[in-house]
Amino acid sequence: MTPVTLAAAGLDTGDTAWLLAATALVLLMTPGLALFYGGMVRTKSVLNMLMMNFVSIALVTVVWLVAGYSLAFGDDVFAGLVGSPDHLGLAGIGPGTLTGSVPTLLFTTFQLTFAIITAALISGAIADRMKFAAWLVFVPVWTLLVYVPVAHWVWGPGGWIAHSLGALDFAGGLVVEIACGASGLALALVVGPRLGFKKDAMRPHNLPMVVLGAGLLWFGWLGFNGGSALGANGLAAASILNTLVAGCTGLLGWLFVEQKRDGHPTTFGAASGAVAGLVAITPACGTVDILGGAVIGLTAGVVCSYAVGWKFRFDYDDALDVVGVHFVGGVVGTLLIGLFATATMTGGKEGLLHGGGPGQLGRQAVAVVAVAAYTFAMTYGIGKAIDKLMGMRASADEELTGLDQTVHAESAYDHGVLGLAAPQTPAR
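Anyway, here's the lowdown on the structure attached to this text. (Residues numbered from 1 in each chain as written. Predicted model: local features only at pLDDT ≥ 70, side-chain atom pairs only at ≥ 80, totals over all residues. Heavy atoms only, no water.)

### A word on empty space enclosed by the protein
Item 1. Applying the stated rule across the entire model yields 1 cavity of 30 Å³ or more.
Item 2. Forming the boundary of the largest cavity are M29, L33, I117, L121, V176, E177, L217, W221, F224 and H326.
Item 3. Put simply, the parts of the chain that give the lining of the largest cavity at least two residues each are α1 (13–40), α3 (104–122), α6 (173–191) and α7 (207–226).
Item 4. With 3 residues, the single largest contributor to the lining of the largest cavity is α7. (1 Å grid on protein atoms, 1.4 Å probe; cavity = no way out; pocket = protein on both sides within 12 Å on 5 of 7 lines; lining within 4 Å. Points joined across faces, edges and corners; volume = space filled by probe spheres on them. Helix = DSSP H or I, 4+ residues; strand = E, 2+ residues; numbered from the N terminus.)

Written out as structure tokens, the structure is:
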């Protein structure tokens, strides 16, 4: 995704039509994520997970329209760190205002869908145990203090990572994947592990939901990455193909590891591997060729299949592997741009394997460290502040009973929801 300005360059109806479709695709990713995460949690917290994702749509939308868009994509006002408040509440932006060749209102909405799913992704790290009320406070604060500044650094006019440093992030390896992964780790440390972590089996309760959610994510990801070209053009086509290829090689890489390590490939592994490949190609889809995309996806599938086990070794409860898949996959994809970037995609910059030298790899590494450090530290501080103010952790009784009943007074099996009969054994 290239930085843009508010300078009108003439409306292009083809570009506008494609970005309208891509925006709808990216919004669909959050309900897809809800299903993906909802199938991964235990039966007693399914609806709570769905609610955490769905409510993020509403919370982030309000913050984005009031202040987020202006501070992320307004003209830079201080050292590439923050945008201008000139467009708070979308002031001065109307149907005739253009960003490049598309209406600014559409560009604003497209970027909003990115902010929504980034916040929602964090919920997987603290599944089963965070107070819903605390989540309602955390999401808008996090969006304004963490997501918005990073988006300006990478994509905003004059943002320091893109302009001063020269690092590349086409569709969100830094802004979305590394930001949500580092933030998920910080929040998991603040909230603490689930009761029974490392002792009780906490397997996904509904694998068909997981696969359906992964499929919707993959479908939406075509708009996520392809739409980041901001036009109906060859770059969008190449980004979509890279996205498809990396999802496939990520899936195959994860299954290869499972077969070699465990003796059997799993449905859960296939869904996780596809997502890992999609995560890794996100920053690189508009900067590498098809071979590079395939290698990036394969690398992420293999590396992330091992990374999800780190939580047991290092004793942090990242419930749904936000760190192992999104953070690690985002790091893999962002760094490998430094190896595989090609001038035919970037318009100039090249990676080490295409004769560009080690410089781009170094710039990618600096960007990874900067974004990871900032998002972790800020999220940890926000989490601690909310914990002191109102408490972040549900009570032990609420957690043991399940947040569906204790918070929402309902069950996924009420009224035939999901088309399933109530379980004959107590919910895990």
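### Side note on the packing of aromatic side chains
Where two aromatic rings form a pair, the distance of their centres and the angle of their planes describe that pair.
Item 1. The full count for this structure, using the stated rule, is 17 aromatic pairs.
Item 2. Relative to Y147, the ring of W64 lies with its centre 6.2 Å away and its plane at 65°, an arrangement referred to as edge-to-face. Taken together, the residues span a long stretch of sequence, with W64 in helix α2 (residues 46–73) and Y147 in helix α4 (residues 132–155) at a distance of 83 residues.
Item 3. The exposure class of Y147 is buried, given its relative accessible area of 1%.
Item 4. Relative to F107, the ring of Y69 lies with its centre 6.4 Å away and its plane at 75°, an arrangement referred to as edge-to-face. Here Y69 is found in helix α2, whereas its partner F107 is found in helix α3, with 38 residues between them in sequence.
Item 5. A residue is classified by how much of its surface remains accessible, and Y69, at 2% relative accessible area, is buried.
Item 6. Owing to a relative accessible area of 1%, F107 belongs among the buried residues under this scheme.
Item 7. Ring pairing ties together the aromatic residues W64, Y69, F73, F107, W142 and Y147, which thus form one cluster. (Phe/Tyr/Trp six-rings, centres within 6.5 Å; stacked < 30°, edge-to-face > 60°. Buried < 20%, exposed > 50% of the residue type's maximum accessible area, 1.4 Å probe, protein only.)

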